[in-house]
Every structure is written in structure tokens, then in C-alpha cells.
Amino acid sequence: MVPTVKDEQIAAEQARVDEAYARLEEMRAAARRMLEEGYRQAQAGTKGSLVDRDAMVHQAAVRSQALDIAEEGLVFGRLDLVGGETLYVGRIGVRTSEHDSLVIDWRAPAAEAFYRATPEDPQGVVRRRVLHCRGRKVVDLEDDLLIPDARPDLTIVGDGAFLASLARSREGVMRDIVATIQREQDEVIRAPADGTVIVQGGPGTGKTAVALHRVAYLLFRHRRRFGSRGVLIVGPNPRFTAYIERVLPSLGEGGATLRSLGDLFPGAEAAGHDAPDMARLKGAPMMTRLLRRAVQDTPPDSPDELRTVYRGVVVALDRDALDRVRRDVHRNAHGAVNTAYPRAAELLLAALWERFQEVGGLDDAPTTRAAFTERVRDERRFVEFLRAWWPVRRPADVLRSLADGERLRRAAGRALNDRQVKALAESWQGPWSYLDIALLDEVGTILGPRPRPARSAKKRKAEDPFVIDGVNVFTGEQVETEDDDDLTLRELTTYVERREQAMRRDDEDDEDLPVEYAHIVVDEAQDLSPMQWRMLGRRGRHATWTIVADPAQSAWEDSAAAGKAMDTALGRRPRHTFELTTNYRNSTEIAEVAARVLAHAVPEARPARAVRASGHVPLIRHVPTLDGNVRAEAAALAEAVEGTVGVILPVGHPAPPLPGLPERVQVLDALEAKGLEFDAALIVEPGEIADYSRMGLRTLYVAVSRATQRLTVLTTAPAWQAILAGARRTVR
């Protein structure tokens, strides 16, 4: 068969791709040699050689990982310029052994025109070519001719490269879009690094993908700045973080930290969402005051009296006196409650001295305050009292203590009514919710870090200077001791003061303190409560930010309070706001259904423009009962598409049995669907999703915009069939 023009062009490009892969193998071999040399450095046996080895091995490992990732899609683009120059664009930069460029990294300035050039602004590009590869083989080409008369020698082949990429099946994880980034997306990715970037846009506009590619770009262009202190990417839930976790590694960047709002606080993990009324309480700014009062309240099981005997005189402080001392300690704690032990001891001793004077202890045998303090502070009973009266507390201990309604009522004051107190107290008896994680973080900030024993050359008390008679005076835990020396309160006080200073220099190693990052990405930011913004703000006090949001999808009702908290978290850095206007996810048929919901949810909002048709009209079915119908429709969608199928339920709706269906059929509720996409989606009972909260219609808008190819809706309410099909314009 005579080869076509396209076959000839593919063959020519294949030669260039082969050359790039051959050089990639040479680069891999060099990385392996560097790794071997690093281990040889260690044979010298000196500390310096070990440092050199570690540095060399780390560098070689990072390089090897980047080269391995580049295996898939090493070369995906070509630019033919007005002056006759040709540039190839790929995942990483590849040079010949003589340092001539074979492939330029997509993040390099020279590659910018691949994403930015248009017929209106060609930027010197005559032809832009997209190479479709399967493994190392070029299987297709698509060309854009931007300056028709500049290079008549160029052959133009193919059409629709970008739209073809949108129609491919999903595999349950987000893919990078490095080969198909569009101009408006590239402007976000390459925005200035010194400010905060806010990316807005409707479902399917590529906000999340753009934010992740921006991280890869920042790490490439500003490695020292952002790589040293790290990048944090925060998503709404673990499903979402699992969905996006492969994007950055596929771009050669594996150093970012991925977290959901449910696992940002060490040692705690959210098990579910609060009901709307409860969420409004837990996310509100007033919780800051409530939690501070809870920390300042007397801990459970705290002793009510302190008694000591000095020179035969009984000196006692009752509950009222102890409460006054406690208030004085908290007044100056300022986020260091757990390390205020020395201050608590100082004020208790002062109160005891005053009481000693009041009961006439100076009449028979005059003494000094210094002598009194010297004697009392090192008594075993005083140290044991302090351990019980001012215990080191964990955030979970404080929040769980508020399951006691009376304790919660004292902390809340007039901020909560009886019904709210009862509901909140009951909620803290069960698993943590997403909003509880922010509250734990708030309490952790009020408490401050727990004192940490330092290891010393002398193994004393099992290397723990807080141990007295085999008991850690802060935790109460039994510790196996190695000698019988006592640690006096004076020694303990000195140690705590020194350790507190050390912890200020070593915050990142303390599990009670949030690690601060150089850059933070927040996805689905429109849903964050004020308390969640406070949690994030503590992790980015000196950070730049990328904020991804769509106000029309917001599930948080008090946008003014959330906006104020966001402004506080982001600080005063300059902001650059971008709006993405093209819906690349949904077919035009699915986008029409989503637009109907949006018209009811946010009448003033304008939907993003969908750019492709699938030919598959969404199926909106009214059924008398869901029994059997959910499985039948899910099975039909699984048969119709090769990729993922999402069965999206109302929050709290029991999961239907789906026996025999493949694993690519996923069942989740409407809140869990945030940020995800599927080849096909089955929406169950849209009316219940819409009625879930005051913002339920916006949640329904999210649900119906998850699918790329096919959409089916099952409802037992005829009215909702009419609404989604466009027969009615009002919501009941």
C-alpha cells in the first residue's frame, strides 16, 4: 500500500522520537553511574564521605525518577517557527552529549508558545504539531497552522487533536494535561510566583489540573524557593486526593504533600460529614472563643484543693483560690498552655506563701519567702499535685471533654441554646467529622506543643528528664528507670523553659504543631468554613497560594464570614484572579442538564461553554421505586462506556447492592463527588440531594456535572424529572 502524506510525516517524527529516547537511555545510564559512585564515596569511612554520598545518592535518585517518568510521552509537541527553527516539546528537557537541545521541557520559557500561540497572536509560530504516542511509537499527528503564508513548505495534517483527547475514557485517576493545555489555562500556570493566584470557573474547566500543573511549573522555575519548604495540596476528601495523586509524579515532581481536609491534623482522621445544622455551628468563627474557654476551664478530674505543711503549719488553697491561679496562668499562656508548667508552679507557690502569711505562719519562727519556696517546691506532694492540676493535654482530650453538656455550656456561654449544646455534645461522642479536624487544630494551637524530653549523653531516668520515681510527671506513664536520682521541680522548670526555646527552632518535628509550607494549593475552596481557613492559614503564614474555587458550587452558606477568614489566611500578598470559561469535561448534552440546575441554584451565574457533543442524550427517568433500578442503570452505563461509572447518592442514603458489577463502578455521595469526574454518572434521587441543605441545589449542580460522556438520573419524584428535562422552570 502506498504510504499517505500522514504516514510519511509520522515516520519522520518517529525518527526524532527515537533519537530522544536513545538519548534518554544514555541519561539513565549516567544517573545509575552517579548512584554507584555515591555508594563508593562511603567506603572512605569519614563523616565527610557519608555526607557526600547522601547528597550524591539523593540527587541521582531524584534524577532517575524524573527520567523514568518521562518514559511515557517523552515528546508530545513540535513548533515550527518563522525563522525556520524547529523546537520539540516534552515532559523533560533532553540534550545531546554536545548539549544541543533535542526536547525542551514544557515548563521552560521557550515552550510557552506551544500553549499560548493562536492565529490572532501566533508568537512567531507557523505550525504547531501535537504528537500522539503509544509508548515509544508515534501513532498520530494533529497540526494547527497559525501563519498560513509564512512557510509554504510545511505539510499540514490532522484535525481535532484537543477534542479527541477530551473524549478518551477515564481510569479512575486524573491525568496530566501537559500535551493539551489551552491558552487561558497556561496563563494561570505561568502566573507570577510572588502572589496568590485565584482560579475560578465552572465544572470541567480544568481548574484542578491547572493548579497541579502550576505546582510543577513553580517547582521547575523556582526549585530552591519552593522545594526547600515544600508545597501542600489540600483537597476536600480522600477520594479526591487519591484521584489526583498521580498527576504531579507524571510531571516529574514527587515532592508535594497531598492532604484532605479530613487528615490535616496529625493523629486524627475524619469519618464523615456533619449534618448541615451541625456544620454551621462547627465551622463558625465563634468556635474560636468557645474552644479557648474550654481549654481554660478546669480539666476533668483536677484536684480541688492543694495542701502542704511548713514548720507545722497547714497551708491550703481551695477551689476558688486555685481557679484564680489558673486564670492568671492562662492570661499569659498565649498558645503555650502545655509548657506553662513553670508559670503555674510559680503562681501556686506565690499563693501558698500569701496563705501561709494569712494563717500566721510567721508568728513563732520568722522565715523568708525564698526559704518557704525552696522547701515546698521540691516536695513530692507538690509535684504530684501539679501533674494532676496542670496536666499536659492533647487536643482530642479537650474536644472529647465537651461531650459533657455542662462543660460545653460553660464554654459556650450565650453563644449556643440548649438544643445546640445537646447536639454538639452528642456529636463529640462519636467519630471525628471533617469540621472536627479544624477544631482539633484550633485547640492544638491554643494548647501549644507538648514538652518533649531531650536525649542526653547521661542516660538518666530512661533518658527522660520528666521521670520521677518511675513516673513521667506530665503523662503519668510508668517508665523503667536506670537510677534512683530525683529530679526536683527546679530542674524540671529549667528544663521546660530551655525546651520551649528549642521547640521554637524545631517546630517542624513536633506533631502538635502545623508544618508551614512555601506554597499551598486549596481545591474546592468555595466550601471551606472560617475554621478550616484558620487551620490552613497556620500552615501558610509566609506562603504563596493557589486557590481553586467555583462560587456556584459552594456548600458553605456564610460566604461573608468565609471570605473574611480566607483574606486573613492569604495575607496581603498581591492577588491574580483568573476565570476559566470553557467546559472541557461535559458533553454539550450533559452541560444543558447542569445549566438547568444552575439556573435554579444561582440564577445570576453563567455556565461555562461546553465545546463538544457526544450524541448521547441524558436519560432522566421517573421510577415508582429504586429497588433494582439502580443496579440495572449502573450496569447499562458500565456496558456503554469503557471507563469509570459514578453512582452518586444523596448524603446519608444507603448504598444500593450492585452485585456483579466491575470495580470501575464507584458508589459515593454527592459531597464525596466534589472535584471528581467519570465517563458516566448515575444520579439517584436528585430531589433528596437538593433538599439536603440550604445549598443543596448547588450540590446537585455538582453531581450532574461529573460525567464526560453519559448521564442517567433516577427519581421517584415526577417533578424532578420535569425540572431536569427542562419541562418546568421552578423548583418546589
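Not measured: the values here are computed from a predicted model.

What to know about the confidence of the model for the protein
Phase 1: Chain-level pLDDT for the protein is 85 on average; 83% of the residues reach the 70-or-more range.
Phase 2: Below a pLDDT of 50 lies the segment residues 160-167, which in the model reaches 14 contacts outside its immediate sequence neighbourhood of four places, other chains included.
Phase 3: Low confidence marks residues 454-466, where pLDDT is under 50. Its contacts with residues over four positions away, or in another chain, come to 38 contacts.

Considering the packing of aromatic side chains
Phase 1: Counted by the stated rule, this structure contains nine aromatic pairs.
Phase 2: Here the aromatic residues Tyr-310, Trp-353, Phe-356 and Phe-372 are joined through ring pairs into a cluster of three or more.
Phase 3: Above the ring of Trp-389, the side-chain terminus of Arg-326 is found at 4.3 Å from the ring centroid.
Phase 4: Taking the ring centre of Trp-432 as reference, the NZ or CZ of Arg-400 above it sits at 3.8 Å.

Things to note about the environment of Ala-552
Phase 1: Relative to the assigned elements, Ala-552 resides in the loop between β15 (544-549) and α22 (559-570).
Phase 2: The buried category is assigned to Ala-552, whose relative accessible area is 8%.
Phase 3: The spatial distance from the C-alpha of Ala-552 to the C-alpha of Gln-526 is 8.4 Å, given a sequence separation of 26 residues.
Phase 4: In this view, Ala-552 contacts Leu-598, Val-602, Ala-605, Arg-698 and Tyr-701; residues no more than four positions away in its chain are not counted.

Thoughts on the environment of Ala-565
Phase 1: Considering the arrangement of structural elements, one finds Ala-565 in helix α22.
Phase 2: Judged by relative accessible area, which is 14%, Ala-565 ranks as buried.
Phase 3: Those residues within four positions of Ala-565 in sequence are excluded, and the remaining contacts are Pro-530 and Trp-533.

Quick look at the pairing of strand β4 (residues 101-105)
Phase 1: In terms of burial, β4 is largely enclosed, as four of its five residues are buried.
Phase 2: Bridge count for strand β2 (residues 86-90) against β4 is two bridges, and the pairing is parallel. Counterpart to Gly-90 in the pairing with β4 is Asp-105.
Phase 3: Here strand β3 (residues 94-95) runs beside β4; their pairing, made up of two bridges, is antiparallel. Counterpart to Arg-95 in the pairing with β4 is Ser-101.
Phase 4: Once β3 ends, the chain turns through five residues before running back antiparallel as β4, passing His-99 with a positive phi of about 75 degrees.

Considering the packing of helix α12 (residues 319-331) against helix α13 (residues 341-358)
Phase 1: With their axes 10 Å apart at the nearest point, α12 and α13 run at an angle of 140 degrees to one another. On the basis of the axis angle, α12 is oblique to α13. For α12 against α13, the interelement crossing comes out right-handed. Along the contact surface, α12 presents Leu-322, Val-325, Asp-328 and Val-329, while α13 presents Arg-343, Ala-344, Leu-347, Leu-348 and Ala-351.
Phase 2: For the contact of α12 with α13, a count of residues per class yields seven nonpolar, no polar and two charged.

Section: the sheet that holds strand β20 (residues 645-649)
Within a beta sheet, neighbouring strands are joined by backbone hydrogen bonds and run either parallel or antiparallel to one another.
Phase 1: The strand order β19-β23-β22-β20-β21 describes an open sheet built from five strands, whose pairing is parallel. Pairing within the sheet leaves two strands with one partner each, and these edge strands are β19 (619-622) and β21 (665-669). Each strand of the sheet is rotated relative to its neighbour by a mean of 20 degrees, with strand direction disregarded.
Phase 2: Pairing analysis gives four bridges linking β19 to strand β23 (residues 707-715), with the strands arranged parallel. Its bridge partner being in β23, Ile-620 is matched across the sheet by Val-713.
Phase 3: Sheet strands in contact with helix α27 (residues 718-725) are β19 and β23, and its direction is about 165 degrees off that of β19.

Here we look at the nonpolar core
Phase 1: Counting residues in each nonpolar core, the largest one holds 83 residues, and the members touching the most others are Leu-348 and Trp-533.
Phase 2: With 10 residues, α13 is the largest single contributor of residues to this core.
Phase 3: If we skip the residues at most four places from it in the chain, Trp-533 touches Val-522, Ala-525, Leu-528, Trp-545, Ile-547, Ala-562, Ala-565, Met-566, Ala-569 and Leu-570.
Phase 4: Membership of the second largest hydrophobic core comes to 75 residues, among which are Val-89, Tyr-243, Leu-580 and Ala-681.

With respect to α12
Phase 1: For α12, which comprises 13 residues, the first-to-last C-alpha distance of 18 Å matches the rise-based estimate of 18 Å (1.5 Å per residue) to within 8%.
Phase 2: Of the positions making up α12, those classed as buried are Ala-321, Leu-322, Asp-323, Val-325, Arg-326, Val-329 and His-330.
Phase 3: Each element contacted by the buried residues of α12 is listed here: α11 (286-296), β10 (306-310), β11 (313-317), α13 and α15 (380-389).

Re the pattern of salt bridges
Phase 1: Using the criterion set out here, one finds 45 salt bridges in the structure.
Phase 2: Residue Arg-23 pairs with Glu-26 through a salt bridge whose shortest N-O separation is 2.7 Å. Of this pair, Arg-23 and Glu-26 both sit in helix α1 (residues 5-41), three residues apart, which is roughly one turn of the helix.
Phase 3: Note on Glu-26: relative accessible area 45%, which makes it partly exposed.
Phase 4: Through salt bridges with shared partners, a single network forms among Glu-13, Arg-78, Asp-80, Arg-127, Arg-129 and Asp-143.

What about the packing of helix α23 (residues 588-601) against α27?
Phase 1: Where α23 contacts α27, the two axes come as close as 8 Å, and the packing angle between them is 110 degrees. Considered as vectors, α23 and α27 are oriented roughly perpendicular to each other. In this structure, α23 contributes Val-593, Arg-596, Val-597 and His-600 to the contact, and α27 contributes Ile-723, Leu-724 and Ala-725.
Phase 2: Within the contact of α23 with α27, the residues separate by chemical class into five nonpolar, one polar and one charged.

Scoring rules and cut-offs
- Numbers given to residues run from 1 along each chain, matching the order in which its sequence is written.
- It should be noted that, the model being predicted, local features are given only for residues of pLDDT at least 70 and side-chain atom pairs only at 80 or more, the latter also being counted only at that level, while totals for whole chains, interfaces and linings use all residues.
- The side-chain figures draw on all heavy atoms in the structure; neither hydrogens nor water molecules are used.
- pLDDT is a residue-level measure of predictor confidence that goes from 0 to 100.
- Working rule for contacts: check all heavy atoms of both residues, and any pair within 4.5 Å makes them a contact.
- For Phe, Tyr and Trp, where Trp contributes only its six-membered ring, two rings pair if their centres lie within 6.5 Å, and the inter-plane angle classes them as stacked under 30 degrees, edge-to-face over 60, or tilted in between.
- Here, a charge over a ring means that NZ of Lys or CZ of Arg falls within 6 Å of the ring centre while also lying within 35 degrees of the ring normal.
- For helices the rule is a DSSP run of H or I covering at least 4 residues; for strands it is a run of E covering at least 2, with both sets numbered from the N terminus onward.
- Remark: exposure states derive from per-residue accessible area (1.4 Å probe, protein chains only) relative to the maximum for the residue type, with buried under 20%, exposed over 50%, and partly exposed in between.
- Two strands are said to pair when DSSP picks up at least two bridges between them.
- Axis definition: a line fitted to C-alpha atoms, over the contacting stretch in the case of helices. Angles run 0 to 180 degrees between N-to-C directions.
- Here the word oblique covers every angle except those under 35 degrees (roughly parallel), over 145 (roughly antiparallel) and from 65 to 115 (roughly perpendicular).
- Crossing handedness follows the turn of the near helix against the far one: under a right angle anticlockwise gives a left-handed crossing, and clockwise gives a right-handed one.
- Lys, Arg, Asp and Glu make up the charged group, whereas Ala, Val, Leu, Ile, Met, Phe, Trp, Tyr, Cys and Pro make up the nonpolar group; the residues left over, Gly among them, are polar.
- Think of a nonpolar core as a cluster: buried Ala, Val, Leu, Ile, Met, Phe, Trp, Tyr and Cys residues, connected wherever their side-chain atoms sit within 4.5 Å.
- By this rule the span expected of a helix is its residue count minus one, scaled by 1.5 Å.
- Here, a salt bridge means any Lys or Arg side-chain nitrogen found within 4 Å of an Asp or Glu carboxyl oxygen.

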